Amino acid sequence: MKKLSKNALIGYPAGIITGITYGLNPLFAVPLMKNGGAIESILFFRYFFAVLMLAAFLVIRKQRFRISGKQAGILLVLGLLYTASSLFLFEAYHYIASGLATTLVFLYPVLVAIIMVFLKVVPSWPVWLAIAATFGGVLIMTQGDGAQALNPLGVLLSLGSSLVYALFIVIINRSKAIASISNSLLTCCTLVVGTFVFLGKILYSGTELTSCITTGTDWFNLLGLALLPTVVSTATLAVASRNIGATKASVLGVFEPITAILVGTLMFGEPLTANIVIGIVIAIVAVTFMITVTKR
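Description of the structure in this document. Values in this document were obtained by computation on a predicted structure and should not be read as measured data.

### Details of helix 5 (residues 98-105)
Here comes step 1: Most of helix 5 is tucked away, with 8 of its 8 residues classed as buried.
Here comes step 2: For helix 5, the set of buried residues is Ser98, Gly99, Leu100, Ala101, Thr102, Thr103, Leu104 and Val105.
Here comes step 3: Tucked inside the fold, the buried residues of helix 5 contact helix 2 (25-34), helix 4 (69-92), helix 6 (108-118), helix 7 (125-141), helix 8 (152-174) and helix 12 (255-268).

### Here's the deal with the packing of helix 2 against helix 10 (residues 216-244)
Packed helix pairs are specified by the crossing angle of their axes together with the interaxial distance, meaning the distance between the axes.
Here comes step 1: Relative to each other, helix 2 and helix 10 sit at 150°, their axes nearing to 9 Å. Between helix 2 and helix 10, the angle falls in the class roughly antiparallel. For the pair helix 2 and helix 10, the crossing hand works out as left-handed. Between helix 2 and helix 10, the contacting residues are Asn25, Leu27, Phe28, Ala29, Pro31 and Leu32 on the first element and Asp218, Phe220, Asn221, Leu222, Gly224, Leu225, Leu228 and Pro229 on the second.

### Quick word on the nonpolar core
Here comes step 1: One finds Phe90, Tyr108, Val112, Tyr165 and Phe168 to be the most contacted residues of the largest nonpolar core, which totals 91 residues.
Here comes step 2: Per element, the largest residue contribution to this core is 11 residues, and it comes from helix 3 (residues 39-60).
Here comes step 3: Sequence-distant contacts of valine 112, that is, excluding residues within four places in its chain, are made with Ala166, Ile169, Val170, Ala246, Thr247 and Ser250.

What counts and how
- Positions within a chain are numbered from 1, following the residues in the order the chain's sequence is written.
- Owing to the predicted nature of the model, reporting of local features is limited to residues with pLDDT of at least 70; listing and counting of side-chain atom pairs is limited to 80 or more, with chain, interface and lining totals taken over all residues.
- Computation of side-chain values covers all heavy atoms of the structure but excludes hydrogens and water.
- To sort residues, take the accessible area from a 1.4 Å probe on protein chains only and compare it with the maximum for the residue type: under 20% means buried, over 50% means exposed, and anything in between is partly exposed.
- Secondary structure counts use DSSP, requiring at least four H or I residues in a row for a helix and at least two E residues in a row for a strand, with both numbered from the N terminus.
- Contacts were defined at the residue level, with two residues in contact if any of their heavy atoms lie within 4.5 Å.
- Think of each axis as a best-fit line through the C-alpha atoms, taken over the contacting stretch in the case of a helix, with angles from 0 to 180 degrees between the N-to-C directions.
- Comment on the angle field: the value is read as roughly parallel under 35 degrees, roughly antiparallel over 145, roughly perpendicular from 65 to 115, and oblique elsewhere.
- Crossings are sorted by hand: turned counterclockwise from the far helix by less than a right angle, the near helix makes the crossing left-handed, and turned clockwise it makes it right-handed.
- Residues grouped as a nonpolar core are buried Ala, Val, Leu, Ile, Met, Phe, Trp, Tyr and Cys residues, joined through side-chain atoms within 4.5 Å.

See below:
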């Protein structure tokens, strides 16, 4: 086993936390949607509360909010990509099981690797092997018993979420213009964009701002969405991408579908099949292999 570098000791745990926290999306979102909450309202409050949390943190840390025009443009693109990823995923929940939808999003490591090859950054063979193995594990997880057909629209929405999420990761890793921006400020600016996008969507559609969001449990779920799958996940993703690279950070996202499937099984009664267990084991072994044979 190769000795891990300082970047690896920071980046790998951050990548694992990213996957686990992002995989908690269904835990907080599905109950809100089952109660009739409008997607735009749910996502508006998710982003709004997240921005308040991050802004308070930045003020306490006395960090500067100043950014250049060029940085603002890149952060705008990042915000739109992250917003689209959330929207596509939540729409997919209407058509296929929440665990499956979040699992399909995990195809983004393959997309990240392909994009990086076009940018002339070719992953090493252990990383390619880990990508192939985790991809195979995810495919095994998604195999049902044949009794229920998958809704094509739900699958396409999940894949759309995967693509824009991959672009989001690559830009964070490759853009030199935003390299000097702290992870907290980068996350805050990204989420500000989403807040305004969903507020505009609410105003345009005439949706009630607090549509079917009335109980204490509803507000707790919104705060949970803001903190874990949003603030923590996005911030640790930036940390992982900057320390171990976009491709490896995306491979660690395998903990996302594992978490989502376990949440779906334990909380919403979605089936836990032998295929899911086998797929999870393959994915964890693949990630462990990648970490142990690479320095960064």
